[in-house]
Amino acid sequence: MEFKRDIRTTIRTVELDDYFDGKCPLCCSNDIFIRSSRIRTLPDLGTTVEKVIIHLTVATIECKVCEVEFSPEHPDYPPKYEYSQTIIEYALTRFHYHNTSGNVIARDLATLHHVKVPEETIYSWLKRLSPEFLKTKFAERPENIPSNIKSITVDGCYVNMGKAIIGKKKHVESFSVTRLEDGRYLLMWWE
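Residues numbered from 1 in each chain as written. Predicted model: local features only at pLDDT ≥ 70, side-chain atom pairs only at ≥ 80, totals over all residues. Heavy atoms only, no water.

Undergrad: What is the right way to read the nonpolar core from this model?
TA: General note: in soluble globular proteins, nonpolar side chains tend to be found buried as a group. One finds I87, I105, L109, V117, I122 and W125 to be the most contacted residues of the largest nonpolar core, which totals 19 residues. Sort the elements by how many residues they give to this core and helix α3 (residues 119-138) lands first, with seven residues. Setting aside chain neighbours within four positions, we find I122 in contact with A91, G102, I105, A106, L109 and V117. Judged by nonpolar contacts, the second largest core, of 15 residues, contains C24, I54, I61 and C63. (Core = buried A, V, L, I, M, F, W, Y, C linked by side-chain atoms within 4.5 Å. Buried < 20%, exposed > 50% of the residue type's maximum accessible area, 1.4 Å probe, protein only. Helix = DSSP H or I, 4+ residues; strand = E, 2+ residues; numbered from the N terminus. Contact = heavy atoms within 4.5 Å.)

Undergrad: Where do I start with the packing of helix α2 (residues 102-113) against α3 in this structure?
TA: Helix packing for two helices is described by the angle between their axes and how far apart those axes are. Contact geometry of α2 with α3 gives a least axis separation of 9 Å together with a crossing angle of 120°. Relative to α3, α2 is oriented oblique. Crossing hand, α2 versus α3: right-handed. Here α2 contributes G102, N103, I105, A106 and L109 to the contact with α3, which in turn contributes E119, I122 and Y123. By residue class, the composition of the contact of α2 with α3 is five nonpolar, two polar and one charged. (Axes fitted to C-alpha atoms, helices over the stretch in contact; angles between N-to-C directions. Parallel < 35°, antiparallel > 145°, perpendicular 65-115°, else oblique. Left-handed = near helix turned anticlockwise from the far one by under 90°. Nonpolar A, V, L, I, M, F, W, Y, C, P; charged D, E, K, R; others polar.)

Undergrad: What am I meant to see in the packing of helix α1 (residues 85-98) against α3 here?
TA: The contact between α1 and α3 brings their axes to 9 Å, and the two run at 80°. Between α1 and α3, the angle falls in the class roughly perpendicular. The residues of α3 that touch α1, namely those facing I87, I88, E89, A91, L92, T93, F95, H96 and Y97, are I122, W125, L126, L129, S130, F133, L134 and K137. Here the residues of the contact of α1 with α3 are counted per class, giving twelve nonpolar, three polar and two charged.

Undergrad: I keep staring at the pattern of salt bridges and nothing clicks. Help me out?
TA: When the charged atoms of two side chains with opposite charge come close together, those side chains can pair. Within the structure shown, the criterion is met by five salt bridges. Between E62 and R35 there is a salt bridge; the shortest N-O distance is 3.1 Å. Placement of the pair is E62 in strand β3 (residues 50-63) and R35 in strand β2 (residues 32-47), with a sequence separation of 27 residues. Under the relative-accessibility criterion, E62 is labelled buried at 16%. The partner of R35 in a salt bridge is E69, and the shortest N-O contact between them spans 3.1 Å. On the criterion of sequence distance, the pair formed by R35 in strand β2 and E69 in strand β4 (residues 69-70) is long-range, its members being 34 residues apart. A network of salt bridges, in which partner residues are shared, links R35, E62 and E69. (Salt bridge = Lys/Arg side-chain N within 4 Å of Asp/Glu carboxyl O.)

That is the geometry; function is a separate question.
Structural data, given as structure tokens:
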């Protein structure tokens, strides 16, 4: 089997019609016009042999009825982020479910998905977006949400649980015990 393959670049175009229904969000009128538009270019998750680039059409629209100006937002491509929500969720999932550090996440994104994200950016996502991410993930199963977190570690490595959830700085085996509000204990083992 030959493993030397050229990386192909795939450009996916997302038009305004793909995510905007053509109605004013304020008055629901169809009497609108596009004041300006541009193409926003951002990376998305690829594979080991494919680099994916998104060309997203972003428009400033004005309603002729209520005269409000707005720009529809695509749910998968947050307006103030340089990366797709898929990439951000990948980083948060790897951190919280696989105990992976931001450095390893950045390396894996570059190696496996052809997306270069600075480590500082990943750590900023972990700090800023972790509480909302965990809240959303645990909403499916409320019994998994410990309301009062107190944690200890057996091996003495640094683990931060709370408002600024940043986690371990390096990959080590760890065992932690969390006491739930109802008196039960949650035991976690990371390898």
